[in-house]
Amino acid sequence: MEVLETLRLVLRRFRADDGQDLHEYLSCEEVVEYEPYGVYNEEESHAEAVRRSTDQAFWAVCLKDSGKVIGNLYFQEQHPQEFQTWEIGYVFNREYQGCGYAAEACRTLLEYGFNTLGIRRVTAHCNPRNSPSWRLLERLKLRREGHFLQTGYFKTDEQGMPKWHDTFAYGVLGKEWLNLNQEKAAEQQV
């Protein structure tokens, strides 16, 4: 099982016993507002931890010093496989937002994808109203490639009518990522 480490974090696969930490953030409406699911109760959170423990698309983001799961990354190969394109996504506990953990975790997973897995392209999608999400993608140097109107809905209003949402689409090529990191390294040497 692959484990990635940063200065402050450990990225690992979920374990069946991660349910309590998962519940801390999946039970918060503000955290799941832009996700394709609603809040989870405690039983659902524990079942989701068990499910994710067998799902290779999910990475648990843990504090290195305590092992606490503070969020998760989604990193999944898209089809067809010949396109060598993966999608990245993220959800973090409100208590740990705004501390740079999401950027640190995403950057590490992107490096792993481009340098170890040889991925050609990574994409991401977010709701334009979710400004912390699209600002994170732009800090990570993903390029906004589109703004799509009323692409779908995850939730309905009180009358059962769809709450349509727009989508920002982002992407970065592996060669762009590698060039950006080489330029950054060269600037730091000067």
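Residues numbered from 1 in each chain as written. Predicted model: local features only at pLDDT ≥ 70, side-chain atom pairs only at ≥ 80, totals over all residues. Heavy atoms only, no water.

### Looking at the packing of aromatic side chains
Stage number 1. Tallying each qualifying case throughout the model produces nine aromatic pairs.
Stage number 2. Summarising the aromatic geometry, the rings of Tyr37 and Tyr40 are spaced 5.4 Å apart at their centres and angled 90 degrees between planes, so their arrangement reads as edge-to-face.
Stage number 3. Note on Tyr37: relative accessible area 18%, which makes it buried.
Stage number 4. Exposure remark for Tyr40: the relative accessible area of 16% places this residue in the buried category.
Stage number 5. Aromatic side chains Phe58 and Tyr74 sit 5.7 Å apart centroid to centroid with 65 degrees between the ring planes, which places their arrangement in the edge-to-face category. (Phe/Tyr/Trp six-rings, centres within 6.5 Å; stacked < 30°, edge-to-face > 60°. Buried < 20%, exposed > 50% of the residue type's maximum accessible area, 1.4 Å probe, protein only.)

### Here's the deal with the pairing of strand β4 (residues 69–77)
Stage number 1. Summarising the sheet, strand β3 (residues 58–63) and β4 pair through five bridges and their orientation is antiparallel. Within the sheet, the bridge partner assigned to Cys62 lies in β4 and is Val69.
Stage number 2. The turn joining β3 and β4, which pair antiparallel and follow one another in sequence, is formed by five residues; a positive phi near 85 degrees is taken by Gly67.
Stage number 3. As paired elements, β4 and strand β5 (residues 85–92) share seven bridges and run antiparallel to each other. Bridge pairing links Phe75 to Ile88 in β5. (Pairing = 2+ DSSP bridges. Helix = DSSP H or I, 4+ residues; strand = E, 2+ residues; numbered from the N terminus.)

### Some remarks on helix α3 (residues 42–52)
Stage number 1. What α3 keeps buried is the set Ser45, Glu48, Ala49 and Arg52. Taken around the axis of α3, the buried residues stretch over an arc of 105 degrees, which confines them to a single face.
Stage number 2. Looking at the buried side of α3, the elements it contacts are α1 (19–26), β3 and β4.
Stage number 3. At the N-terminal boundary of α3, the capping side chain belongs to Asn41, with an oxygen 3.0 Å from the backbone nitrogen of Glu43. (Arc of directions from axis to C-beta. Contact = heavy atoms within 4.5 Å. Polar contact = N/O pair within 3.5 Å; in protein donor to acceptor, adjacent residues only side chain to side chain.)

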